[in-house]
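# Coordinate analysis (summary)
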Amino acid sequence: MSKTIELGVQGMTCASCVGRVERGLNKVEGVEQASVNLATERATVTYDPEQTGPQALIAKVKDVGYEPVVGEIELGVQGMTCASCVSRVERALRKVDGVLDASVNLATERAHVRYLPSSVSPGQLKAAVVGAGYTVLEGQTGVDRSDQEREAREQEVRGLRRAVTFSALFAVPLLILAMLPMLWAPFEMWLHERIPMAALNWIMLLLAAPVQFGPGLRFYRLGWTSLRHRSPDMNSLVMIGTSAAFFYSLVATVAPQVFPEGTAHVYYEASAVVITLILLGKYFEAIAKGRSSEAMKKLLSLQAKTARAVRAGQELELPVDEVLIGDLISVRPGEKVPVDGEVVSGNSFVDESMITGEPIPVSKQGGAAVVGGTLNQNGAFQFRATRVGADTALAQIIKLVESAQGSKPPIQGLADRVVSVFVPIVLGIAALTFLIWLFVGGQQALSFALVNTVAVLIIACPCAMGLATPTSIMVGTGKAAELGVLFRNGAALEGLQGVNVVAVDKTGTLTKGRPELTDLVTAPGFDRAEVLGLVAAAEEQSEHPIARAIVDAARKEGVPVFLPESFEAVPGYGLEARVQGPLVQVGADRYMERLGLNVTPFGAQASRLGDEGKSPLYAAIDGQLAAVIAVADPIKEGSPEAVRALHRQGLKVAMITGDNARTANAIARQLGIDEVLAEVLPGGKSDAVKELQGKGQKVAFVGDGINDAPALAQADVGLAIGTGTDVAVETADVILMSGDLRGVPNAYALSRATLRNIRLNLFWAFAYNVVLIPVAAGVLYPAFGWLLSPVLAAAAMGFSSVFVLTNALRLRGFRPPVRPDPVPVAAPARVARA
């Protein structure tokens, strides 16, 4: 029963390291022998799988201080039709020695596998999927993968269209021959006068057989595979149900004498029309699934396919996958930037809205960073590639969205547990239905037993249950990406809608994160521009943030800033400088008092600034009080609207900041924030989040994603608000690609909408089966004389899956409660793409 695996181990440098790893592994309960090779950096471990497994071995390697080598791979899996298929593929992959975990998503038709590369190869993983009865789609990354998956999806749709068309050509006349006589007596008389019943049965057999063993073969192939693996699924149910109807009818046609007189009925229309309707449902389902991945297609379409690299003095057009770090890349007007890099020469405006959400193109000159996938406007430039392939910002955004789309939120656990036992229970109900009707059905017992059993098998297909959650997650996270919101996984999407407090970091989140000149009020007789120029010149030599803010404001307003002729700092008070003749003195009120100047004329302004949490500075020119000045970290344009939107959504807003209480409370008053935790040390933000959680509240923390990492980790849901280009280093559960706080209420609203959508899907999927299985079994027949035809059961089964998919697609129409205001600046004309 022992198993042996090889485990890659990184970080070993000598024999002592080898000994430490061996001793650690040998101490794990269930390990029979562990041998470590320093040259190959591998550990060979023989263990009892009843007592331990690869996860425990990996944990022990980490525990003794080394890094186990773990690989991850995404496999496209075709042929899955319901949640049972998902479970079977996951089990097949997990049975492979060296596989740590496998997660399969029905909506995206992808399997994510964590494995030990030293013990198992991707080829073995693909073989396991094929052995379980499914097809592996080759090609896993980039645009090529997108093209392959799109072609595979289109091929699946074309194949289903052909199958439905072929089946319908036989099933429609079969349905007319079988059902129309029962509905219209004149037609029944006309038909039976011309065609004897025995001959009519043979005609219906000839119409049903091509459907049963043509398009219907797929259900036999997949159904037998699932039965062989002791994991029956939807295909098994369809196979058993239609086969029962077809072969019962075949016996009634070929040897009617084996049945009592008048009971040799045929149900060819049940088998052929059921197969046709199920295929029709699968056809609509495939089309809807394709639509549900539109957001991912849009993201993938943003990637450039080629790049113009300058090598050895020549410009070469290369596939973007062949670009190397350090390559010099040329970008012409209207072209996409192929990879991330830094501008070397030239200048242009680049539309970065797909990354930042900012609608105004950004000026790019020497030294500026450019992001792959963004659109160059009306200039040309060359840049040096700094990040290529999977390391680019766009590639990482795509990876995050794919990861979220393929993940399972906690709510999926209920569906998984039900589905794991659902099909065996259905088979039991079908068998019980058959036996009961066989005993209580009277002269038509066998017919009743057959029809009702087939109806139970057909209507109970668990497709809707398998699609209920992943399709909503897929569409919801895709819509979120369009709005500049990236959910790392389904748990984050589910968790966000459950919070009741949003704690917000101040600097860089509520505010711009850099000081700006906010107020400059001059005394009578002084010109504002002249005062600003003199004060900026006096501050020009200083590197203090306040000084830089004043200098930047002057330059932004086009005021000339001259170098001071003399400059002297006055410790504890301010500074003094002579600029183009006038003597300029800048400092706090105590400096003005020292100079013998009365600041009372600015009393009203100083009081207002104090209420706003700003500390006023004063400027004197040639011994006269000239102006009161305030420099502060201004509130972002969208912050007040974001806080109001969160209040409308019923959420409480708290602010966590290291600023003094006076400044923090002033900002809180302006924004209407409910609770302030001020003077918090940089390392204490996570404790502040704990304090809020200690009051029994679920807390979402919003920060910049880097400095606030401990608080983001402590919160029930962490939201990083940043520039999008830093997405690779963010540690939050949710990433807001733009710097606009209005993304928070949008993310919360989308989370609630998605969870409502999932709950409705799950309710429909469960209720559909709970209500209709008893109806199909015939419980209403004794009281009302109602039986559910297998044909109607097949139509209802297909409708349930299409309903779930269509309901999920409604999320594509989600409208965010808050839309960022367009910046009122004329953008450069957009140039047509080359």
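Basis of the calculations
Residues numbered from 1 in each chain as written. Predicted model: local features only at pLDDT ≥ 70, side-chain atom pairs only at ≥ 80, totals over all residues. Heavy atoms only, no water. UniProt positions renumbered as here; feature names shortened; annotations may be inferred. Helix = DSSP H or I, 4+ residues; strand = E, 2+ residues; numbered from the N terminus. Buried < 20%, exposed > 50% of the residue type's maximum accessible area, 1.4 Å probe, protein only. Contact = heavy atoms within 4.5 Å. Areas by Shrake-Rupley, 256 points an atom, 1.4 Å probe, with all protein chains shown as cover. Core = buried A, V, L, I, M, F, W, Y, C linked by side-chain atoms within 4.5 Å. Pairing = 2+ DSSP bridges. Axes fitted to C-alpha atoms, helices over the stretch in contact; angles between N-to-C directions. Parallel < 35°, antiparallel > 145°, perpendicular 65-115°, else oblique. Left-handed = near helix turned anticlockwise from the far one by under 90°. Nonpolar A, V, L, I, M, F, W, Y, C, P; charged D, E, K, R; others polar. Phe/Tyr/Trp six-rings, centres within 6.5 Å; stacked < 30°, edge-to-face > 60°. Patch = residues over 30% accessible without salt bridge, like charges linked within 9 Å, V, L, I, M, F, W, Y side chains within 5 Å. Salt bridge = Lys/Arg side-chain N within 4 Å of Asp/Glu carboxyl O. Lys, Arg positive; Asp, Glu negative; His and termini not counted. Charge placed at Lys NZ, Arg CZ, Asp CG, Glu CD. Polar contact = N/O pair within 3.5 Å; in protein donor to acceptor, adjacent residues only side chain to side chain. Expected span 1.5 Å × (residues − 1).

In the annotation of an unreviewed UniProt entry, the protein chain is listed under the name P-type Cu(+) transporter and assigned to Deinococcus aerius. In its Subcellular location (unreviewed entry) section, UniProt records this for the protein chain: "Cell membrane". Its UniProt record, at the heading Catalytic activity (unreviewed entry), says of the protein chain: "Cu(+)(in) + ATP + H2O = Cu(+)(out) + ADP + phosphate + H(+)".

### Things to note about the overall build of the protein chain
A tally of helices and strands in the protein chain yields 29 helices and 29 strands. Residues counted as buried form 53% of the 834 residues belonging to the protein chain. For the protein chain, contacts bridging at least 24 residues in sequence account for 69% of all contacts bridging at least 6. Put simply, the protein chain shows about 36200 Å² of open surface, and 57% of that area lies on carbon and sulfur atoms.

### Looking at the UniProt feature "transmembrane region" (unreviewed entry) in the protein chain
When the UniProt feature table is mapped onto this chain, "transmembrane region" (unreviewed entry) is found at residues 163–187, 199–217, 237–259, 265–284, 418–440, 446–469, 762–781 and 787–809. In residues 787–809, helix accounts for 87% and strand for 0%; the two terminal C-alpha atoms are 33 Å from one another.

### Here we look at the nonpolar core
Counting residues in each nonpolar core, the largest one holds 133 residues, and the members touching the most others are Met80, Leu93, Leu125, Phe487 and Leu496. A total of 15 residues in this core trace back to one element, the largest contributor, which is helix α27 (residues 743–777).

### Some points on the sheet that holds strand β29 (residues 734–736)
A sheet is described by the order of its strands in space; here seven strands give the open sequence β17-β29-β28-β27-β18-β25-β26, paired in mixed fashion. In this open sheet, the two edge strands, each paired with only one partner strand, are β17 (485–487) and β26 (675–677). Put simply, the sheet's adjacent strands are angled 20° from each other on average, direction ignored. Judged from the three bridges that link them, β17 and β29 form a sheet pairing that is antiparallel. The partner of phenylalanine 487 across the bridge, within β29, is valine 734. Taken strand by strand, α27 contacts β17, β18 (501–505), β27 (699–703), β28 (717–721) and β29, and its axis lies near 50° from that of β17.

### Brief notes about the pairing of strand β24 (residues 624–632)
Within β24, eight of the nine residues are buried, leaving the element largely enclosed by the surrounding structure. The sheet contact formed by strand β23 (residues 617–621) and β24 spans five bridges and is antiparallel. Considered in β24, the bridge of leucine 617 is made with isoleucine 629. Between β23 and β24, which pair antiparallel in sequence order, lie two residues; one of them, aspartate 622, sits at a positive phi of approximately 50°.

### Some remarks on the packing of helix α15 (residues 445–459) against α27
The contact between α15 and α27 brings their axes to 8 Å, and the two run at 165°. Here α15 is positioned roughly antiparallel relative to α27, judged by the angle of their axes. Helix-helix and strand crossings are classified by hand; for α15 and α27 the assignment is right-handed. The segment α15 lies against α27, with Asn452, Ala455, Val456 and Ile459 engaging Tyr768, Asn769, Leu772, Ile773, Ala776 and Ala777. Of the residues assigned to the contact of α15 with α27, the class counts are eight nonpolar, two polar and no charged.

### Some remarks on the packing of aromatic side chains
Scanning the model with the defined rule gives 14 aromatic pairs in all. Note on phenylalanine 448 and tyrosine 781: the rings are 5.3 Å apart at their centroids and 55° apart in plane angle, and the pair reads as tilted. Of the two residues, phenylalanine 448 is situated in helix α15 and tyrosine 781 in helix α28 (residues 781–784); the sequence distance between them amounts to 333 residues. According to the relative accessible area criterion, tyrosine 781 is partly exposed, its value standing at 31%. Pairing phenylalanine 602 with tyrosine 618 gives two aromatic rings, centres 6.5 Å apart and planes at 45°, and the pair type is tilted.

### Brief notes about a positive patch on the surface
A grouping of Arg752, Arg756, Arg759 and Arg810 is seen on the molecular surface, where their side chains present a positively charged patch. Tracing the backbone through its elements, the reader meets arginine 756 in helix α27.

### Comments concerning the pattern of salt bridges
Tallying each qualifying case throughout the model produces 23 salt bridges. In this structure, lysine 685 engages aspartate 505 in a salt bridge whose closest nitrogen and oxygen atoms are separated by 2.7 Å. Placement of the pair is lysine 685 in helix α25 (residues 685–693) and aspartate 505 in strand β18, with a sequence separation of 180 residues. Assigned by exposure class, lysine 685 and aspartate 505 land together as buried. A salt bridge links glutamate 557 to arginine 528, with the nearest nitrogen and oxygen atoms 2.8 Å apart. Residue glutamate 557 is located in the loop between α20 (545–556) and β20 (566–570), and its partner arginine 528 is located in helix α19 (residues 528–539); the two are separated by 29 residues in the primary sequence. What makes glutamate 557 partly exposed here is its relative accessible area of 44%.

### Looking at the side chain of aspartate 340
By secondary structure assignment, the location of aspartate 340 is in strand β12 (residues 340–351). What makes aspartate 340 buried here is its relative accessible area of 2%. Of note is the side chain of aspartate 340, whose polar atom sits 2.9 Å from the backbone nitrogen of alanine 393. Those residues in contact with aspartate 340, other than ones at most four positions away along the chain, are Val370, Val371, Gly372, Phe383, Arg384, Ala385, Thr386, Arg387, Asp391, Thr392 and Ala393.

### A look at helix α7 (residues 197–212)
At 3.6 residues per turn, the α-helix brings residues three or four places apart onto the same side. Helix length check: α7, at 16 residues, gives a terminal C-alpha distance of 22 Å against a target of 22 Å (1.5 Å per residue), a fit within 8%. Listed as buried for α7 are Leu200, Asn201, Met204, Leu205, Leu207, Ala208, Val211 and Gln212.

### Description of the sheet that holds strand β22 (residues 583–587)
Reading across from one edge, β19-β24-β23-β22-β21-β20 is the order of the six strands in this open sheet, with antiparallel pairing throughout. Both edges of this open sheet fall to β19 (516–522) and β20, since each of them pairs with a single strand only. Between one strand and the next, the sheet's axes are offset by a mean angle of 20°, whatever the strand orientation. By the bridge criterion, five bridges tie β20 to strand β21 (residues 574–578) in an arrangement that is antiparallel. Following the sheet pairing, glutamate 568 is matched in β21 by glutamate 576. In the packing of α19 onto the sheet, the strands contacted are β19, β20, β21, β22, β23 and β24, and the crossing angle to β19 comes to about 130°.

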